[in-house]
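# Breakdown of the fold
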Amino acid sequence: MSHEIKPFHIPLERRRFLKALAAVSAGFTIPGYLAEALTISPQVTQGPYYPLAKNIPLDDDNDLIQLNSNTSAATGIITYLSGRILTSSGTPIKDALVEIWHADHAGNYIYAANSTRNSAADANFQGFGQFFTGASGQYLFRTVKAGLYNGRTRHYHLAVTVPGQTTRYTTQTFWNETALSESGQTWATQNSNDSVLQGISNATQKSSVILTYAAVPGTTTGEVAATYDFVVGLTPVEPTYPGTGNLLVQGALVAGPSGGNPRWKVTIPVYSGYTYEIYANPTLADA
Ligand SMILES: [Fe+2]
């Protein structure tokens, strides 16, 4: 079991808590204690700008300020967001898919309904990034400070998909500051009147997504960083795989794309509740 505590990622109140815990005699399991200390990430709307499949850049890694082989970086304040993906009992989740997407410095998403990319978005901004966690459950993104757009205060969209789940667990994180436009004007929508943030009814959950960014030591370009442990209220399911042996799967002819030839459909059970469907040219059915 890996309940190893990485002090770097522990919010202050939990550090105090763990310090107090150390003084308590043994006899209780740590996960039980952590369950009381952890705040489950509030599940909020994914919003309308999660990229469509056609919008997702080929470069979808965890460094959003560098797109493909562009020689210029994205415009904006370089911002690091890191933390761990945890179960509600504090166990790091490995193989979790962590996703981030947000507006560029001027408030434009890469999302576009009718093209592969919003042409108004910063051409050097990746706009969307993904990260798979290892055993420590840790993730890291390098991006820019989100820009502001009408109707919302400044925010990042984050999502986690844990093994065995097929739906994204989505939240949004906010800045612990007064939102100012690029020209320095106080923005109309602040944390105090942002409908998504204020829609989180649980006060502890609400404050848990308002992050304080601190200057990154040793940098001179205004880089900032914050940590956010994403605590999902879901239990990952470790799939079990069959042992070695033969697998004979019945196929079926199905209609192909309009105007095309029929195709051969093979459905393979993977684990409980999940199947792979494979479509192939019928002439390859004996392959
Ligand atoms: Fe948004």
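Above this note sits the structure.
Residues numbered from 1 in each chain as written. Predicted model: local features only at pLDDT ≥ 70, side-chain atom pairs only at ≥ 80, totals over all residues. Heavy atoms only, no water.

## A word on the overall build of the chain
- Counting secondary structure elements, the chain contains four helices and 13 strands.
- Per-residue burial over the chain gives 39% buried out of 287 residues.
- When contacts within the chain are restricted to residue pairs at least 6 apart in sequence, those whose partners lie at least 24 apart make up 66%.
- Approximately 15700 Å² of the chain is accessible, and the part contributed by carbon and sulfur atoms is 55%. (Helix = DSSP H or I, 4+ residues; strand = E, 2+ residues; numbered from the N terminus. Buried < 20%, exposed > 50% of the residue type's maximum accessible area, 1.4 Å probe, protein only. Contact = heavy atoms within 4.5 Å. Areas by Shrake-Rupley, 256 points an atom, 1.4 Å probe, with all protein chains shown as cover.)

## Describing the packing of aromatic side chains
- Taken as a whole, this structure holds twelve aromatic pairs when the rule is applied.
- Where Trp-175 meets Tyr-213, the ring centres are 5.0 Å apart and the plane angle is 15°; that geometry is what we call stacked. On the criterion of sequence distance, the pair formed by Trp-175 in strand β6 (residues 169–175) and Tyr-213 in the loop between β7 (210–211) and β8 (214–215) is long-range, its members being 38 residues apart. Neither Trp-175 nor Tyr-213 differs from the other in exposure class; each is buried.
- Ring geometry for Tyr-228 against Phe-230: centres 6.0 Å apart, planes inclined by 70°, an arrangement best described as edge-to-face. For the pair Tyr-228 and Phe-230, a shared accessibility class is recorded, and that class is buried.
- Linked through ring pairs, Tyr-49, Tyr-109, Tyr-111 and Tyr-149 together constitute an aromatic cluster. (Phe/Tyr/Trp six-rings, centres within 6.5 Å; stacked < 30°, edge-to-face > 60°.)

## Some remarks on the coordination of the iron ion
- Summarising the metal site, the iron ion is bound by the protein donors Tyr-109 (OH), Tyr-149 (OH), His-155 (NE2) and His-157 (NE2), whose distances to it range over 1.9 to 2.2 Å.
- Note that the iron ion binds four donor atoms; their angles at the metal cover 90 to 164°, and the shape is irregular.
- Donor residues for the iron ion sit on one chain with the sequence pattern Y-x39-Y-x5-H-x1-H.
- We classify His-157 as buried; its relative accessible area is 2%. (Donors = N, O, S within 2.8 Å, 3.2 Å for Na, K, Ca; no water. Tetrahedral: all angles 85-135°; square planar, octahedral: opposite > 155°, others 65-115°.)

## Considering the nonpolar core
- Residues Leu-81, Ile-85, Val-160, Tyr-213, Tyr-228 and Phe-230 are the most contacted members of the largest nonpolar core, which totals 34 residues.
- Tyr-213 has contacts with Thr-79, Tyr-80, Leu-81, Tyr-156, Phe-174, Trp-175, Val-224, Ala-225 and Ala-226, leaving out every residue within four places of it along the chain.
- Listed in part, the nine residues of the second largest apolar core include Ala-103, Tyr-109, Ile-110 and Ala-159. (Core = buried A, V, L, I, M, F, W, Y, C linked by side-chain atoms within 4.5 Å.)

## What about the sheet that holds strand β2 (residues 97–101)?
- Reading across the sheet, the five strands line up as β3-β2-β5-β6-β7 and stay open at both edges, with mixed pairing between neighbours. Where the open sheet ends on each side, the last strands, each with one partner, are β3 (128–132) and β7.
- Pairing analysis gives five bridges linking β2 to strand β5 (residues 155–161), with the strands arranged antiparallel. In the strand pairing of β5, Trp-101 is matched with His-157. (Pairing = 2+ DSSP bridges.)

## So, the pattern of salt bridges
- Taken as a whole, this structure holds seven salt bridges when the rule is applied.
- Note that Arg-84 and Asp-229 form a salt bridge whose closest N and O atoms lie 3.7 Å from each other. Linking Arg-84 in strand β1 (residues 78–87) with Asp-229 in the loop between β9 (224–227) and β10 (230–232), this pair joins segments that are 145 residues apart in sequence. In this structure, Arg-84 and Asp-229 share a single accessibility class: buried.
- A salt bridge links Glu-177 to Arg-154, with the nearest nitrogen and oxygen atoms 3.9 Å apart. (Salt bridge = Lys/Arg side-chain N within 4 Å of Asp/Glu carboxyl O.)

## Some details on unusual backbone geometry
- Its identity is not glycine, yet Asn-68 carries a phi of approximately 50°, on the positive side.
- Among the structural elements, Asn-68 can be located in the loop between α2 (30–37) and β1.
- Classification of Asn-68 as partly exposed rests on a relative accessible area of 48%.
- Phi is positive for Asp-95, which is not a glycine, with a value near 60°.

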